[in-house]
Amino acid sequence: MSEPAEYLVRIEVNWPPDGDTERRDELIAAERARGQELVEAGVIGRLWRVPGRWANWGVWRAASPAELHEALASLPFFPWLDIEVIPLAHHPNDPG
């Protein structure tokens, strides 16, 4: 079986400024829990916060674009996320 493909994923949260703060806090807790599940499943390989923004960059792994979409759509904040996905391909000079 081949290794899952890797994707560079940028996520920015666009929570409305007048959004319900109690609901936001519930979603933050749910997002943290779901993120941990995705890490444990090997879907999220690395994650970096973008200072000064409610955003992150990460390396995600999935067997297909459809599987990646399913994982992203499972995030509790999904309706408020701006997501950019860049498929990554092996480079012959990769030192890793």
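So, how was this worked out
Residues numbered from 1 in each chain as written. Predicted model: local features only at pLDDT ≥ 70, side-chain atom pairs only at ≥ 80, totals over all residues. Heavy atoms only, no water. Helix = DSSP H or I, 4+ residues; strand = E, 2+ residues; numbered from the N terminus. Buried < 20%, exposed > 50% of the residue type's maximum accessible area, 1.4 Å probe, protein only. Contact = heavy atoms within 4.5 Å. Areas by Shrake-Rupley, 256 points an atom, 1.4 Å probe, with all protein chains shown as cover. Lys, Arg positive; Asp, Glu negative; His and termini not counted. Charge placed at Lys NZ, Arg CZ, Asp CG, Glu CD. Salt bridge = Lys/Arg side-chain N within 4 Å of Asp/Glu carboxyl O. Core = buried A, V, L, I, M, F, W, Y, C linked by side-chain atoms within 4.5 Å.

Regarding the overall build of the protein
Okay, so step 1: When helices and strands are tallied, the protein shows two helices and four strands.
Okay, so step 2: Its helices and strands taken in sequence order, the protein reads β-α-β-β-α-β from the N to the C terminus.
Okay, so step 3: A principal-axis box enclosing the C-alpha atoms of the protein has dimensions of 50 × 25 × 20 Å.
Okay, so step 4: Out of the 96 residues in the protein, the part that is buried amounts to 28%.
Okay, so step 5: Considering only intrachain contacts with a sequence separation of at least 6, the fraction spanning at least 24 residues in the protein is 67%.
Okay, so step 6: Carbon and sulfur atoms make up 53% of the accessible area of the protein, which totals about 6,700 Å².
Okay, so step 7: Separation between the mean location of the 9 positive side-chain charges and that of the 16 negative ones in the protein comes to 5 Å.

Things to note about the pattern of salt bridges
Okay, so step 1: Applying the stated rule across the entire model yields eight salt bridges.
Okay, so step 2: Between Glu 12 and Arg 10 there is a salt bridge whose closest N-O contact spans 3.7 Å. Of the two residues, Glu 12 and Arg 10, neither departs from the other in class, the shared state being buried.
Okay, so step 3: Between Arg 10 and Asp 82 there is a salt bridge whose closest N-O contact spans 3.2 Å. Note that Arg 10 is positioned in strand E1 (residues 5–13) and Asp 82 in strand E4 (residues 81–88), a separation of 72 residues in sequence.
Okay, so step 4: Residues joined in a network through salt bridges with shared partners are Arg 10, Glu 12, Arg 53, Asp 82 and Glu 84.

Side note on the nonpolar core
Okay, so step 1: One finds Ile 11, Leu 38, Trp 60, Leu 72 and Leu 75 to be the most contacted residues of the largest nonpolar core, which totals 17 residues.
Okay, so step 2: Those elements giving two or more residues to this core turn out to be E1, helix H1 (21–40), strand E3 (55–62) and helix H2 (65–73).
Okay, so step 3: Take this core: its biggest share by element is four residues, from E1.
Okay, so step 4: Each residue touching Trp 60, except ones within four places of it in the same chain, is listed here: Ala 5, Glu 6, Tyr 7, Val 9, Ile 11, Leu 38, Val 43, Ile 44, Leu 68, Ala 71, Leu 72 and Leu 75.

In short, geometric facts, not functional conclusions.
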